[in-house]
Amino acid sequence: MTSETSSGSHCARSRMLRRRAQEEDSTVLIDVSPPEAEKRGSYGSTAHASEPGGQQAAACRAGSPAKPRIADFVLVWEEDLKLDRQQDSAARDRTDMHRTWRETFLDNLRAAGLCVDQDVQDGNTTVHYALLSASWAVLCYYAEDLRLKLPLQELPNQASNWSAGLLAWLGIPNVLLEVVPDVPPEYYSCRFRVNKLPRFLGSDNQDTFFTSTKRHQILFEILAKTPYGHEKKNLLGIHQLLAEGVLSAAFPLHDGPFKTPPEGPQAPRLNQRQVLFQHWARWGKWNKYQPLDHVRRYFGEKVALYFAWLGFYTGWLLPAAVVGTLVFLVGCFLVFSDIPTQELCGSKDSFEMCPLCLDCPFWLLSSACALAQVREEAGRLFDHGGTVFFSLFMALWAVLLLEYWKRKSATLAYRWDCSDYEDTEERPRPQFAASAPMTAPNPITGEDEPYFPERSRARRMLAGSVVIVVMVAVVVMCLVSIILYRAIMAIVVSRSGNTLLAAWASRIASLTGSVVNLVFILILSKIYVSLAHVLTRWEMHRTQTKFEDAFTLKVFIFQFVNFYSSPVYIAFFKGRFVGYPGNYHTLFGVRNEECAAGGCLIELAQELLVIMVGKQVINNMQEVLIPKLKGWWQKFRLRSKKRKAGASAGASQGPWEDDYELVPCEGLFDEYLEMVLQFGFVTIFVAACPLAPLFALLNNWVEIRLDARKFVCEYRRPVAERAQDIGIWFHILAGLTHLAVISNAFLLAFSSDFLPRAYYRWTRAHDLRGFLNFTLARAPSSFAAAHNRTCRYRAFRDDDGHYSQTYWNLLAIRLAFVIVFEHVVFSVGRLLDLLVPDIPESVEIKVKREYYLAKQALAENEVLFGTNGTKDEQPEGSELPLDTLHGSQGQPAAAVTPGRTSGGP
């Protein structure tokens, strides 16, 4: 097995680099040409290629002065020697295979030029730490190969917030502003070229030229591409080793402890982690801007963009929460003067209602006046004219939120120098490169890259879609079972003989059904996420961004149905297909559910609060308790092993041991999913619950600091990843915004009493006297004759059970309201889209200015070096002014781009 992987597998790339070096200037600052270029291997592999030269690996093993002093990456594995002796032959063979794979992997890492040191805890149970670092030549080689962008010229920091500028213009003190020390400077940057090294800032200091995040990215790229067996069998990369249990963990080291030194937070030379803890991850900073520039420097663009989005969304929730709370308070005042509620309690025995189930008795509408009054008043809290205004407000709020986030995202992408990351900089995933059956030229860069036929991928995605449909069907079946549970529970409680319980039967069934639905949601979510991972890997997506987008879309489709199916049923289907006395409709022999006395809108509000608030409480408890419990268990387990091995309890331990005791970072998917689902609850069903934005705002204020604390204090440091935006999540948010407009239009038209009340005011009585009688129909004569008594039920039907003229008039009004509402909102939204440019004018001017300078530089070079004015005769290695530096492809648009930082709410 080792012999299969010991061939130099970088030959194609090595020859390309050597050919490019020959075309450039003859003076090379660092010799990075691989000595074993004649050995051929697969694309992207690093096994035994020794690209930066075998001398660096030998120097690391010999402990020469060239060896870096700081470990950048840590690999961990654990072995139980007692257990090894007790295992059967199959288990021992597996253990031996894992040991062979580890040794092969570490040998290949050394051959790739990395320094590998091992720190081992002795005893019956051993914990192995492999400390990885890279020499200067290795860093330079891979920085060029990975197209990393490094700083050329420092610029004045231009970080700003629109709220800070507005408050300054108004002359109001800004309590959100805080001066954070060690602000990262802004730079002009460009793609790193070894032969142009002196033009980059800090190139005279090899220890600090590459930041810790850049070193982590380089080492992680090597780890992801290094094989430990036959590459065609997918025995490649750190991800597979972790999945197989060959390694227990792989992580970059934190910069140091997060706790401040004894001198206090004002002590000089705080590390980056301590700065983030003091000014971001503490609960006392809940009312301060997030230092996004510091977050980006320490965790990378992907994490910083998540916190930028979370802060931006939370800031925009503030006006929505204020307006929603005012609408709710208006509803509180209206309930005390509601005429239909007063008529209900004063009706005495005027309205005898039809039985609610097959064997249930007749009942008087006024028999539980206080209970009915509570239901009616609760319904009126959300069901009044102000709700229409709030629904319109929230629809336009969502449109403006996304429009201004596009501007914010474009500004951050420009300042952080990742505007063209997905198009020109992102490389194929190592797993894709190892499994792709062929290569093809990249249409952007022109380089040969692994390729998977689009037709084959389409077939795989179609097969995966079938699995998604099956899982959605499972969710629908669960929903049907919950509907049956509610109907059966209502019957059982109503027959209990307890008057109070019988009166609350429908509400008890609805509340317990909501709890059961939440349990189903949480269980099915865990199952489907694992299935989506398998399907997405099978679909063979080229880049990590496309892989994550495909995975996100799969999971969100399922989660959308999972979380929203029950509210959709209550909002648009419950009570619609009940039938009438003598002709009731059934589902599997059980009579269909009816809405309670207060209507379905109050039940929808209850369902939303149970699912939305319940999910938020559960998630926050999990995010607080689970990392602490996992961290405590990890520390207890490791320290118990050290005591058994005979180590002193007070013995100091290295930083890699401290970091291994932390919880592994599981990425941002769950964090995004939680916020996007919350956004759906806030917008799609806001007509039923105006307080939803307030609950979301309170949750997000906690969420920001909770997530910050996890990343700074409780998680192992994640590898800094670049990103251009928040990915497919933005398109999902846009889809939810459009869906919210349609949903609220139908909700107000068909589930609310707003239009029936308005119709009654226009046609009968402005003060709504007699409205209760207006909404109740009489049972058909056949039903009355069979029971020798008449009764009433809620519907717009005549005495024969057919829909009355009032029903058809209201249906026309409702459909007209839906059409007018959605056309007004979509028209205003489209107008706002046209009025608010996606990219701020200041950013557009800067981009055009840089493109102009790049073209000017190209023209000057042609005049300076060309004999016939052509670009082809310009020697690439010639000394040029700073602002005329070009990328490796000679593309003027990629000349010099600023990479900067920003703060956010």
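Residues numbered from 1 in each chain as written. Predicted model: local features only at pLDDT ≥ 70, side-chain atom pairs only at ≥ 80, totals over all residues. Heavy atoms only, no water.

*Asks:* So what about the overall build of the chain? Which residues, and what values?
*Replies:* Of regular secondary structure, the chain possesses 31 helices and 17 strands. Of all 905 residues assigned to the chain, the portion counted as buried reaches 54%. Within the structure as shown, the chain displays about 40500 Å² of accessible surface, and the carbon and sulfur contribution to it stands at 61%. (Helix = DSSP H or I, 4+ residues; strand = E, 2+ residues; numbered from the N terminus. Buried < 20%, exposed > 50% of the residue type's maximum accessible area, 1.4 Å probe, protein only. Areas by Shrake-Rupley, 256 points an atom, 1.4 Å probe, with all protein chains shown as cover.)

*Asks:* Kindly report on the packing of helix H10 (residues 272-279) against helix H25 (residues 692-714), identifying the contributing residues and their values.
*Replies:* As a packed pair, H10 and H25 sit with axes 10 Å apart at the nearest point and diverge in direction by 150°. One way to sum up the angle between H10 and H25 is to call them roughly antiparallel. As H10 runs across H25, the sense of the crossing is left-handed. Side by side, H10 and H25 meet where Arg 273, Leu 276 and Phe 277 of the first sit next to Arg 709, Val 712 and Cys 713 of the second. Across the contact of H10 with H25, the residue classes break down as four nonpolar, no polar and two charged. (Axes fitted to C-alpha atoms, helices over the stretch in contact; angles between N-to-C directions. Parallel < 35°, antiparallel > 145°, perpendicular 65-115°, else oblique. Left-handed = near helix turned anticlockwise from the far one by under 90°. Contact = heavy atoms within 4.5 Å. Nonpolar A, V, L, I, M, F, W, Y, C, P; charged D, E, K, R; others polar.)

*Asks:* Describe the state of the cysteines, listing the residues and the values that go with them.
*Replies:* Considering all chains together, one arrives at one disulfide under this definition. Here Cys 354 is linked by a disulfide to Cys 791, with a sulfur-sulfur distance of 1.9 Å. Residues Cys 354 and Cys 791 share a disulfide whose torsion about the S-S bond is about 85°; that sign makes it right-handed. Highlighted residues: Cys 354 in the loop between strand E7 (352-353) and strand E8 (363-364) and Cys 791 in the loop between helix H29 (781-787) and strand E16 (792-794), separated in sequence by 437 residues. (Disulfide = S-S within 2.5 Å.)

*Asks:* Please give an account of the pattern of salt bridges that cites residues and values.
*Replies:* Going through the model one piece at a time under the given rule, you end up with 29 salt bridges. When the shortest N-O distance is used, the salt bridge between Arg 297 and Asp 182 registers 3.1 Å. With Arg 297 in helix H11 (residues 292-299) and Asp 182 in the loop between helix H7 (162-170) and strand E5 (186-191), this residue pair connects regions lying 115 residues apart in the sequence. Look at Asp 182 and you get partly exposed, because its relative accessible area is 41%. Two residues, Arg 415 and Glu 186, come together in a salt bridge whose shortest N-O distance is 2.4 Å. Of the two residues, Arg 415 sits in helix H15 (residues 385-415) while Glu 186 sits in strand E5, which places them 229 residues apart along the sequence. In this structure, Arg 415 and Glu 186 share a single accessibility class: buried. A cluster of three or more residues bridged by salt bridges with shared partners is formed by Glu 403, Lys 406, Arg 830, Asp 833 and Asp 838. (Salt bridge = Lys/Arg side-chain N within 4 Å of Asp/Glu carboxyl O.)

*Asks:* Account for helix H8 (residues 212-225), naming residues and giving values.
*Replies:* When the terminal C-alpha atoms of H8 are compared, their 20 Å separation across 14 residues agrees well with the 20 Å that a helix rising 1.5 Å per residue should span. Among the 14 residues in H8, 13 count as buried, and that is most of the element. (Expected span 1.5 Å × (residues − 1).)

*Asks:* Quick rundown of the nonpolar core? Include the residues and the values.
*Replies:* Inside soluble globular proteins, nonpolar side chains tend to come together where they are buried. Residues Phe 299, Phe 307, Tyr 313, Trp 397, Leu 604, Val 712 and Trp 729 are the most contacted members of the largest nonpolar core, which totals 113 residues. Setting aside residues no more than four positions away along its own chain, Tyr 313 makes contact with Trp 397, Leu 401, Met 675, Gln 678, Phe 679, Val 682 and Asn 700. One finds Trp 77, Leu 109, Leu 148 and Val 719 within the second-largest nonpolar core, a separate group that totals 42 residues. (Core = buried A, V, L, I, M, F, W, Y, C linked by side-chain atoms within 4.5 Å.)

*Asks:* Explain unusual backbone geometry residue by residue, including any values.
*Replies:* A negative phi angle characterises most non-glycine residues, just as the trans form characterises most peptide bonds. In the Ramachandran plot, Leu 768 falls in the positive-phi region, its phi being about 65° despite a non-glycine side chain. One can find Leu 768 in the loop between helix H27 (754-763) and helix H28 (771-774). For Leu 768, a relative accessible area of 4% corresponds to the buried category. In this structure, Asn 788 is a non-glycine residue whose phi angle is positive, near 60°. Here Asn 788 lies in the loop between H29 and E16.

*Asks:* Please give an account of the confidence of the model for the chain that cites residues and values.
*Replies:* Across the chain, the average pLDDT comes to 76, with 76% of residues at or above 70. Predicted confidence for residues 1-51 stays below pLDDT 50, and this span has 120 contacts to residues more than four positions away or in other chains. Ignoring residues within four places in sequence, the model shows residues 867-905, a span with pLDDT below 50, making 132 contacts including any to other chains. (pLDDT = per-residue confidence, 0-100.)

*Asks:* Just give me the short version of a nonpolar patch on the surface, but keep the residues and values in it.
*Replies:* A surface patch of nonpolar side chains, amounting to about 810 Å² of accessible area, comprises Trp 286, Leu 318, Val 322, Leu 326, Leu 329, Phe 333, Leu 698 and Trp 701. Mapped by element, the contributors of at least two residues to the nonpolar patch are helix H12 (301-335) and H25. No other element matches H12, which puts five residues into the nonpolar patch. As for its position among the elements, Trp 286 is in the loop between H10 and H11. (Patch = residues over 30% accessible without salt bridge, like charges linked within 9 Å, V, L, I, M, F, W, Y side chains within 5 Å.)

*Asks:* Lay out the environment of Leu 835 in plain terms, naming residues and giving numbers.
*Replies:* By the element assignment, Leu 835 lies in helix H30 (residues 805-835). By relative accessible area, which is 60% here, Leu 835 ends up exposed. Leu 835 sits 432 residues away from Glu 403 along the chain, and the two C-alpha atoms are 9.8 Å apart.

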